[in-house]
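# Tertiary structure, described
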Amino acid sequence: MLQTRDFESMAPAELAAARAAIARMRVTLREAPTRRFRRDARGPRADLRASLRAALHGDSAIIPLKRRAAIRRAPPLVALADISGSMSGYTRMLLVFLHALANDRDRMHVLTFGTRLTNITRQLRHADVDAALAHVGQAVQDWSGGTRIGACLAEFNRRWSRRLLAQGAVVLLISDGLDRDAGAGLAREMERLHKSCRRLIWLNPLLRYAEFEAKPAGVRAMLPHVDDFLPVHNLNSLAQLAAVLAGPRRVR
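Described in the following lines is the structure provided in the data block.

Calculation rules
The residue numbering used here restarts from 1 in each chain and proceeds along that chain's sequence as written. Where totals are concerned, whole chains, interfaces and linings use all residues; where local detail is concerned, this predicted model gives features only for residues with pLDDT of at least 70, and gives and counts side-chain atom pairs only at 80 or more. Side-chain measures here rest on the full set of heavy atoms in the structure, leaving out hydrogens and waters. In short, DSSP must find at least two bridges between two strands for them to pair. Strands are runs of DSSP state E lasting at least 2 residues, helices are runs of H or I lasting at least 4, and numbering of each runs from the N terminus. Each pair of aromatic rings taken from Phe, Tyr and Trp, with Trp reduced to its six-membered ring, is defined by centres within 6.5 Å and is described as stacked if the planes are under 30 degrees apart, edge-to-face if over 60, and tilted in the remaining cases. Three exposure classes are used, based on accessible area relative to the maximum for each residue type with a 1.4 Å probe and protein chains only: buried under 20%, partly exposed in between, and exposed over 50%. Placement of a charge over a ring requires the Lys NZ or Arg CZ to be within 6 Å of the ring centre, with the centre-to-atom vector within 35 degrees of the ring normal. Here a helix's expected span is defined as the number of its residues, less one, multiplied by 1.5 Å. By definition, residues are in contact when any of their heavy atoms lie within 4.5 Å. For this analysis, a polar contact is any N or O atom pair within 3.5 Å, provided that within protein one partner can donate a hydrogen and the other can accept it, and provided that sequence-adjacent residues contribute only side-chain to side-chain pairs. With its strands directed away from the observer, a crossover is right-handed exactly when the path from the first strand over the helix to the second travels clockwise. Every axis in this analysis is a line fitted to C-alpha atoms, fitted for helices over the stretch in contact. Angles between the N-to-C directions lie between 0 and 180 degrees.

### A closer look at the sheet that holds strand 1 (residues 32–39)
In space, the three strands of this open sheet follow the order 1-3-2, with antiparallel pairing throughout. The open sheet has two free edges, formed respectively by strand 1 and strand 2 (45–46), since each of these has just one partner strand. As judged from the five bridges shared by strand 1 and strand 3 (residues 67–73), these two strands associate in the antiparallel manner. Opposite Pro33, over in strand 3, you have Arg72 as the bridge partner.

Written out as structure tokens, the structure reads:
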């Protein structure tokens, strides 16, 4: 029952149990090839430098062919979390989940947005989740206010995109898509964000409703530019996200 219970309707004891379950979660990202290479006798590429180096130290007239393969590594993970009033029933539990991710990975960045953009990566690095959330509360100035998704994404694309997404990061966009600016400029910024990252996953708690329809202007502007559109409202949805991150990228 706890796995399917909506975070917004949980009692205090259930929230404590859910937090403990989240702390035990382990999320593994599917590894991707990097631009660095290592020696591999069965690698798909010839290593010309290593081959010539081996030929200089040998007496044979035949150059021994050395091979190499790309080093595979899990990509960085960047989370953009909506903390506006419409997300208030889920904000704390989702920050607990992001805290667990940030303390389990070395390349993880978390930013919150409502009416402004705030980088809380350093605050979430604190080992104790309650202390980490207390530091986050001091750093963030726009709790439970309005939502300016387009403006905040524009700031991220301008100030943070190049340094955080340069190595093919996977982006988690956590928002219900309800934009105070009625989607003004949102499609353009979503398209730019999508082109800058390896994979863009939109997590929306409104998907808990079977009759959900993409009627709000913000949702219609965002939806064409995401790779995965998933719910995020209970423990089952977080387990589903973990499975998606560990699996292959879906071809759109």
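That covers the picture; the talk isn't over yet.
### With respect to the packing of aromatic side chains
Within the structure shown, the criterion is met by two aromatic pairs. Geometrically, the ring pair formed by Trp202 and Phe229 is tilted, given 4.5 Å between the ring centres and 35 degrees between the ring planes. Within this pair, whereas Trp202 is found in strand 8 (residues 199–203), its partner Phe229 is found in strand 9 (residues 228–230), the two being separated by 27 residues in sequence. A relative accessible area of 0% means that Trp202 is categorised as buried. Judged by centre distance (6.1 Å) and plane angle (55 degrees), the ring pair of Phe212 and Phe229 falls under tilted. Of this pair, Phe212 sits in the loop between strand 8 and helix 9 (217–222) while Phe229 is found in strand 9, placing the two residues 17 residues apart along the sequence. Through a chain of ring-to-ring contacts, the aromatic side chains of Trp202, Phe212 and Phe229 assemble into a single cluster. One Lys or Arg, Arg68, reaches over the ring of Phe37 and ends 4.1 Å from the middle of that ring.

### Some details on helix 10 (residues 235–246)
For helix 10, with 12 residues, the first-to-last C-alpha span of 17 Å sits near the 16 Å given by 1.5 Å per residue. Of all the positions in helix 10, only Leu235, Ser237, Leu238, Leu241, Ala242, Val244 and Leu245 are classed as buried. Buried residues in helix 10 make contact with helix 1 (12–23), helix 3 (88–102), strand 7 (170–174), strand 8 and strand 9. Regarding helix 10, its N-cap is Asn234, as a side-chain oxygen of that residue lies 3.3 Å from the backbone nitrogen of Asn236 further along.

### Let's talk about the pairing of strand 3
Here two bridges tie strand 2 to strand 3, and the two strands are oriented antiparallel to one another. When the bridges of strand 3 are listed, Ala46 appears paired with Arg67.

### What to know about the pairing of strand 4 (residues 77–82)
Across the six residues of strand 4, six count as buried, placing the element largely inside the fold. By the alternation rule, side chains of strand 4 split into Leu77, Ala79 and Ala81 and Val78, Leu80 and Asp82, which are all buried. Note that strand 4 and strand 5 (residues 108–113) share six bridges and pair parallel. Paired with Leu80 across the bridge in strand 5 is Leu111. Regarding topology, helix 3 serves as the crossover connection from strand 4 to the parallel strand 5, and that connection is right-handed.

### Details of the sheet that holds strand 4
With respect to topology, six strands assemble into an open sheet ordered 6-5-4-7-8-9, the strand pairing being mixed. At either end of the open sheet lies a strand with only one pairing partner, and these are strand 6 (117–119) and strand 9. Mean inter-strand twist for the sheet, computed between neighbouring axes without regard to direction, equals 20 degrees. Sheet topology places strand 5 next to strand 6; three bridges connect them, and they run antiparallel. For Phe113, the partnering residue across the bridge sits in strand 6 and is Leu117.

None of this, on its own, says anything about what the molecule does.
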